[in-house]
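Observations on the model geometry
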Amino acid sequence: MATACSLISTHFHSSSSSFSRSPNTKTTFHLSKSLHLYKPTHFISHPTLFLLRPPTPKTTLPKLTIPKTCLDSILLLCTSLALSFTLFISNADSASAFVVTSPRKLQSDELATVRLFQENTPSVVYITNLAVKQDAFTLDVLEVPQGSGSGFVWDKDGHIVTNYHVIRGASDLRVTLADQSTYDARVVGFDQDKDVAVLRVDAPKDKLRPIPVGVSADLLVGQKVYAIGNPFGLDHTLTTGVISGLRREISSAATGRPIQDVIQTDAAINPGNSGGPLLDSSGNLIGINTAIYSPSGASSGVGFSIPVDTVNGIVDQLVKFGKVTRPILGIKFAPDQSVEQLGVSGVLVLDAPANGPAGKAGLQPTKRDSYGRLILGDIITSVNGKKVTNGSDLYRILDQCKVGETVTVEVLRGDHKEKIPVVLEPKPDES
């Protein structure tokens, strides 16, 4: 080049990123944003080309400091917004919106008990015993409740099973179902000896739910049982317990005749529970709650239920024939304590009507001679070879016999024993 070129350093100002040349510089050629080719006034022996890039200014950002109170405010705001959004989408009531409830968790045995109660409650009924009484002042005849008890639906035809002592002496009966609907009931039949009665109501079939019937022959001591009834008028009350004993024996409240194979339980049974069902853990009927052992009349942990195997046969006969056909000897016998005082073992015959089975067979009753002296009658010591020590033994043996069957009765007459054949007859109708 004819003209020597050189690049001299210039002053860099902070207010501008451009380069300033000397005032004596005549010509400047712009090669790029950062390239300047110019001819200085001073002579430089070697022309040199410099490519310069303007230095990038180093920017220092101010440190952002957020106060702690500001963070707390932001967190509180986010929480409030989240809660408001949750309430909005859940459509909760204003009263219950801020009530936090945890879901109720039940154990498996509790769930089974709840399910059993819900499934069997519709089968249990409330029975009211009404009696006719006359007002002493107005002489008006009124029907007043004289007692109440429980029962359960047997079939879709409206048959209700309960205890005989629940309906005894009633002029009218009313049955209240689980839905609180009430119907007048009529007596189909009853068995005083076993304390069982059957009623019937004219209720729609869709309101009647028969209870599932189980078996009582294979019960075990210790297994769980459930009693549903109406103690003290508190309808549909559930109590639980276990089988405390089997093959107990109690006496019928109406006739004193023994009821065998009774179930003993510690499930609370109170007045009003009579006639209600005793259920196993599957919800099947295994007995009818009938009595308690208690000096005070309230539950003492010793309750008794008539086994369902006994109830089955009785209810079938009552539904079909309106009565239970049970064989009898046709005698009246002395209390067991009186025979014990005589120092003998057996059943002392007090009366044997001539038209009865025992009278026809020739059994001798107790009587007095012409001087007023007491002459003891026959003392029954065995029937069909089975020893008889008291009245309960005699009833137990007769329960295993059938009407029309001939049994061999061994008696102690005076100082010798005799065997007398007796043809058993049905028990006469009861009103």
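Computed from a predicted structure; not experimentally measured.

Some points on the overall build of the chain
Across its full length, the chain carries seven helices and 24 strands. For the chain, the residues scored as buried account for 36% of the 431 residues in total. Taking contacts inside the chain between residues at least 6 apart in sequence as the whole, the part at least 24 apart equals 58%. Of the roughly 25,800 Å² of accessible surface on the chain, 55% is carried by carbon and sulfur atoms.

Topic: the nonpolar core
Judged by nonpolar contacts, the single largest core of 25 residues is most densely connected at Phe152, Val161, Leu285 and Val315. With five residues, the single largest contributor to this core is helix α4 (residues 308-321). If sequence neighbours within four positions are ignored, Leu285 has contacts with Phe152, Trp154, Ile211, Pro212, Val213, Gly214, Val215, Pro277, Leu278, Leu279 and Val308. Counting residues in hydrophobic clusters, the runner-up holds 20 residues, among them Ala358, Ile397, Cys401 and Val411.

Topic: the packing of aromatic side chains
Here a ring pair, both rings aromatic, is described through the centre-centre distance and the interplanar angle of the planes. Scanning the entire structure with this criterion turns up three aromatic pairs. Both rings, one in Phe152 and one in Trp154, keep their centres 6.5 Å apart while their planes meet at 40°; by these two values the pair is tilted. On the accessibility criterion, Phe152 (0% relative accessible area) is buried.

Focus: α4
Along its 14 residues, α4 runs 20 Å from first to last C-alpha, staying within 8% of the 20 Å computed at 1.5 Å per residue. Of the residues making up α4, those classed as buried are Val308, Val311, Ile314, Val315 and Leu318. Buried residues of α4, seen end-on, are gathered within an arc of 120° and therefore sit on one face of the element. Turned more than 90 degrees off the buried face of α4, the exposed positions are Lys320 and Phe321. Positive backbone phi, at 80°, marks Gly322, one or two positions downstream of α4.

Notes on the layout of surface pockets
Rolled over the atoms, a probe as big as a water molecule pinpoints where empty space is left. For the largest pocket, the calculated volume is near 500 Å³. Looking at the largest pocket, it is lined by 24 residues, and the ones nearest its centre are Thr255, Arg257, Ile331, Phe333 and Tyr395. Elements that contribute at least two residues to the lining of the largest pocket include exactly α5 (336-341) and α7 (391-399). Here the residues of the lining of the largest pocket are counted per class, giving eleven nonpolar, seven polar and six charged. Considered as a void within the structure, the second largest pocket measures approximately 410 Å³ in volume. Taken together, 16 residues form the lining of the second largest pocket, with Lys194, Gln260, Thr310, Arg326 and Asp399 sitting closest to its centre.

Things to note about the pairing of strand β23 (residues 416-423)
Direction of pairing for strand β22 (residues 406-413) relative to β23: antiparallel, over a ladder of eight bridges. Across the sheet, residue Val411 finds its bridge partner in β23, namely Glu418.

Some details on the confidence of the model for the chain
Atom-level detail of predicted coordinates should not be read off regions where pLDDT is low. Looking at the chain, the pLDDT average stands at 77 and 73% of residues meet or exceed 70. Between the elements of the chain, mean pLDDT differs from a low of 43, seen in strand β2 (residues 36-38), to a high of 94, seen in strand β5 (residues 159-162). Predicted confidence is poor over residues 1-59, with pLDDT under 50, and the contacts of this stretch with residues over four places away or in other chains come to 53 contacts. This stretch, residues 92-102, has a pLDDT under 50; its non-local contacts, to residues over four places away or in other chains, come to five contacts.

Cut-offs and rules
- Residues numbered from 1 in each chain as written.
- Predicted model: local features only at pLDDT ≥ 70, side-chain atom pairs only at ≥ 80, totals over all residues.
- Heavy atoms only, no water.
- Helix = DSSP H or I, 4+ residues; strand = E, 2+ residues; numbered from the N terminus.
- Buried < 20%, exposed > 50% of the residue type's maximum accessible area, 1.4 Å probe, protein only.
- Contact = heavy atoms within 4.5 Å.
- Areas by Shrake-Rupley, 256 points an atom, 1.4 Å probe, with all protein chains shown as cover.
- Core = buried A, V, L, I, M, F, W, Y, C linked by side-chain atoms within 4.5 Å.
- Phe/Tyr/Trp six-rings, centres within 6.5 Å; stacked < 30°, edge-to-face > 60°.
- Expected span 1.5 Å × (residues − 1).
- Arc of directions from axis to C-beta.
- 1 Å grid on protein atoms, 1.4 Å probe; cavity = no way out; pocket = protein on both sides within 12 Å on 5 of 7 lines; lining within 4 Å.
- Points joined across faces, edges and corners; volume = space filled by probe spheres on them.
- Nonpolar A, V, L, I, M, F, W, Y, C, P; charged D, E, K, R; others polar.
- Pairing = 2+ DSSP bridges.
- pLDDT = per-residue confidence, 0-100.

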